[in-house]
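What follows is each chain in one-letter form.
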Number of protein chains: 2
Amino acid sequence: MTFNKVTADDLKAFESMLSPERVFYGDAINEDYARDEMTEYGLYMPEAVLRADSAEEISAVLKYCNERKIPVTPRGAGTGLCGGCVAKFGGVVLSTERMKKLIEVDPVNMTATLQPGLLLMEFSKLLEGSGLFYPPDPGEKSATVGGNVMTNAGGMRAVRFGVTRDYVLGMKVVLASGEILNLGGKTVKTSSGYNLMQLLCGSEGTLAFLAEITVKLIAEPKANLSVLAPFDNLRKCVEAVPQVLSGTTPTAVEFMEKEVIEDAETYLGKQFPDKSANAYLLVRLDGASTDALDPMLNDLTDILLNAGANDVLLADTDERKTSIWDARGAFLEAIKGGTKSMDECDVVVPRNKIADFVEASQAVSEKYGVRVRSFGHAGDGNLHIYACQDDIEDKAWKQKVSALMDDLYETAKTLRGQISGEHGVGHAKADFLRESLGDTQIEIMKGIKKAFDPNGILNPGKVVG
Amino acid sequence: MTFNKVTADDLKAFESMLSPERVFYGDAINEDYARDEMTEYGLYMPEAVLRADSAEEISAVLKYCNERKIPVTPRGAGTGLCGGCVAKFGGVVLSTERMKKLIEVDPVNMTATLQPGLLLMEFSKLLEGSGLFYPPDPGEKSATVGGNVMTNAGGMRAVRFGVTRDYVLGMKVVLASGEILNLGGKTVKTSSGYNLMQLLCGSEGTLAFLAEITVKLIAEPKANLSVLAPFDNLRKCVEAVPQVLSGTTPTAVEFMEKEVIEDAETYLGKQFPDKSANAYLLVRLDGASTDALDPMLNDLTDILLNAGANDVLLADTDERKTSIWDARGAFLEAIKGGTKSMDECDVVVPRNKIADFVEASQAVSEKYGVRVRSFGHAGDGNLHIYACQDDIEDKAWKQKVSALMDDLYETAKTLRGQISGEHGVGHAKADFLRESLGDTQIEIMKGIKKAFDPNGILNPGKVVG
């Protein structure tokens, strides 16, 4: 791909489309725009950063850049983990960070319409008291909803409520040409041609620029409780999961190992309520009332004890819930804080292969002498595996981590898994994606990319490379 | 598009790929292959009908036809309503009617893998006693599961459990080139590149040929009950729906009017349990036990009475449930049986626009002097509207029904609806689709089609025309 550089004339044009104070270039660009949460994948400074306020501004910028062949990298809060929002080929970073409006909550149709830059935690706060609820719940609450849609983010509650794509009903998107399209709306189902909206979910800004979203809301569950079940070992722990899923309707089923819990304790400076075991299953139940949850709690307790849990610890007070879920929420930061650099993989495997995959990750840890930490969404078969550099020298680290990741993705393929459950591909995982899916699928994806973005200006170098 | 005709040499080639007794041509082709359930949309005799037994046979046929530029129309049980499975441009109908194997039920991962020609009613029978359950429940139980995937069929239980696309985890598909691709698998979520599998759901066999499917199963709900609520008029009836959805978790929410119920009584020769009202809401609840359903039933009863229902009739015995749901299940056949010919539309609108749309359908009925019947999935905003020819003379009927449908789709667009909720586009609705979505979206879809099927041999004339 050959693109044009951003010139002084281009900057003037951008200033007239937006306003001068929302156009940044040269030293005025904050260094954060060169990266997402994973510095491991390199720094890429954009030539200009534009903060859009509306679909019309996005349209003007895209139309201009499409004609001038300047790459445009969409960016929300920059909390991704695969370099999806960095300007791999330079050009313009077009940020939605100012587009934070909750445009409408429609209680009759149970929908919300919002701008893409609204943060998950802002959105949930704005819904408080409405009786309505947006289920997707990724660990990173300061991610934008738009970013969540573009990576098809999952999160803790996916077991019961599904992932982000299951909640997207409508989109206003801007094509590379600048044309604004409205897809879907407030309708809850459709069989009206190829579902472009579903295709855009998880397309990481490579096909069109997301400018507005309508999501489905559900009635807020009124009561919840959590259960922590300690097990002697991880295999026993994750082998309980299918029984939990067939016998109850859990909202979340997370697994965690002793070492990660200890990392979180250090990071948070707080004790975890139980330290007796090597592996834990954490299960959350939601329902209309505490009474309504009782029969399910009884079933769950029986299932866990029969599956070999040493105990079943109930967290039904706010304090108890907080102590457990805060630890769970801190895992990523705790691991990150304990090492100089790290790489991660986010594979998803069939649920009955979770233990195999975690054991494989322990084996490669020993093989390469690299410390590995893992946790994940046991109910989804989605694992987050972190390889930590610690005091390994930079050059050796690069070699080791590359070989280690190759091994992990090869294992995922053997287990009939996918390379990413919820974090996406970005540029960091693009080679692994091709390796996993094969050339034919990648070539079809490139054909799709061409149908949307013939000049390839939208987020180049991502997903399909 | 210019395609080649099927020659004697081609037939010989097909006979060697399959076996002679599964290759039909000339008078040996059953006339049913010229149509689906809607004769209104014309008869199109294929030049050959091939009954495949395996993905490998499908691959051989497609590879050959792709090189020879012979159109291939995939066909399951032929129960569609938009002409999706008819050979609009002649060529070959490639039928999956013999591919009925349930390959595997995996209780640990809660999945089933099956061939596309398995009928819905056969699939549900095979799952009986397993404790596992496949939620999609379209009215047409003799449709194939493969056909359901390709139209993204919805059905009664979509309100709670979602539509077919929500249950597809894996696919084996054959590209027009003959290449066999495995998409997804037993993993329950993914953010690994553009989701080709989601794109294929609802693509009506125009992008690839579906040869095997892996679907998600859920734990079978152990108890259910239904509630029938009579209302003075349709508006009151459908205006209760949002309250029902925000206050309870219904599996199905159907609306029905007096006239359609009378049609069904005549058709079935059985009485409906209530005849007091003009409009009815039929709500089904599922749960772990009858006891667990009690609080929800209480809430539902209060909501319906507060919303103006004249009564709330509980159907908790098999006999009572059957009398209601059999009537609901017979609506399409009952309407069809009562008229010489009919046309239908399957629009989906935001839930709060259902009454508006039904009233608009009554208005066009009067405007054109055409009898109209409607029923539908109130919980989804998905309406099935039938225009009946009765004794209108053929030429006048064509004109009237065409104008009437134009009006209805125009109304759907105004209400921000979509042209099809679950029946698809086929060839019959392709013009309405372009009218509804606009040229840009259709051109993107054509670009996608080209990425999969450069010679355009797969189901030509459908969806994107």
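Remember, it's a predicted structure, so these values are computed and weren't measured experimentally.

1. Looking at the interface of chain A and chain B
Moving on, step 1. Across the boundary between the two partners, chain A contributes 71 residues, which contact 71 residues of chain B.
Moving on, step 2. Taken as a group, Lys-189, Ser-191 and Tyr-194 of chain A account for 17% of the area that chain A buries against chain B, more than any other trio of residues on that side.
Moving on, step 3. Along the contact surface separating chain A from chain B lie four salt bridges.
Moving on, step 4. Elements that contribute at least two residues to the side of chain A that touches chain B include exactly strand E9 (180-184), helix H6 (196-200), helix H8 (241-247), helix H14 (430-437) and helix H15 (439-452) of chain A.
Moving on, step 5. No other element matches H15 of chain A, which puts nine residues into the side of chain A that touches chain B.

2. Here's the deal with the nonpolar core
Moving on, step 1. Among the nonpolar cores identified, the biggest contains 196 residues, and Met-171, Leu-281 and Ile-448 of chain A together with Met-171, Leu-281 and Ile-448 of chain B are the most heavily contacted of them.
Moving on, step 2. Core analysis: the second largest hydrophobic core is formed by 28 residues, Phe-3, Ala-55, Val-174 and Ala-176 of chain B among them.

3. Some words on the side chain of Ser-95 of chain A
Residues and elements named next belong to chain A.
Moving on, step 1. With respect to the helices and strands, Ser-95 occurs in strand E4 (residues 92-95).
Moving on, step 2. For Ser-95, a relative accessible area of 0% translates into the label buried.
Moving on, step 3. A polar contact is formed between the side chain of Ser-95 and the side chain of Glu-97, at a distance of 2.5 Å.
Moving on, step 4. Filtering out sequence-adjacent residues up to four positions away, Ser-95 remains in contact with Leu-50, Arg-51, Ala-52, Arg-75 and Gly-76.

4. Quick look at the pattern of salt bridges
Moving on, step 1. In the structure shown here, the tally under the stated rule is 68 salt bridges over all chains.
Moving on, step 2. The salt bridge partner of Lys-398 of chain A is Glu-40 of chain A, with a shortest N-O separation of 3.6 Å. Of this pair, Lys-398 of chain A sits in helix H13 (residues 394-414) while Glu-40 of chain A sits in the loop between strand E1 (23-25) and strand E2 (48-51), and the two are 358 residues apart along the sequence.
Moving on, step 3. What makes Glu-40 of chain A buried here is its relative accessible area of 12%.
Moving on, step 4. With a closest N to O distance of 2.6 Å, Arg-68 of chain B and Asp-10 of chain B form a salt bridge. Of this pair, Arg-68 of chain B sits in helix H2 (residues 55-68) while Asp-10 of chain B sits in helix H1 (residues 8-17), and the two are 58 residues apart along the sequence.
Moving on, step 5. Owing to a relative accessible area of 1%, Asp-10 of chain B belongs among the buried residues under this scheme.
Moving on, step 6. Residues participating in the shared-partner salt-bridge network are Arg-22, Asp-53, Glu-57 and Arg-98 of chain A.

What counts, and at which threshold
- Residues numbered from 1 in each chain as written.
- Chains lettered and ligands numbered in written order.
- Predicted model: local features only at pLDDT ≥ 70, side-chain atom pairs only at ≥ 80, totals over all residues.
- Heavy atoms only, no water.
- Contact = heavy atoms within 4.5 Å.
- Buried area = accessible area lost by both parts, 1.4 Å probe.
- Salt bridge = Lys/Arg side-chain N within 4 Å of Asp/Glu carboxyl O.
- Helix = DSSP H or I, 4+ residues; strand = E, 2+ residues; numbered from the N terminus.
- Core = buried A, V, L, I, M, F, W, Y, C linked by side-chain atoms within 4.5 Å.
- Buried < 20%, exposed > 50% of the residue type's maximum accessible area, 1.4 Å probe, protein only.
- Polar contact = N/O pair within 3.5 Å; in protein donor to acceptor, adjacent residues only side chain to side chain.

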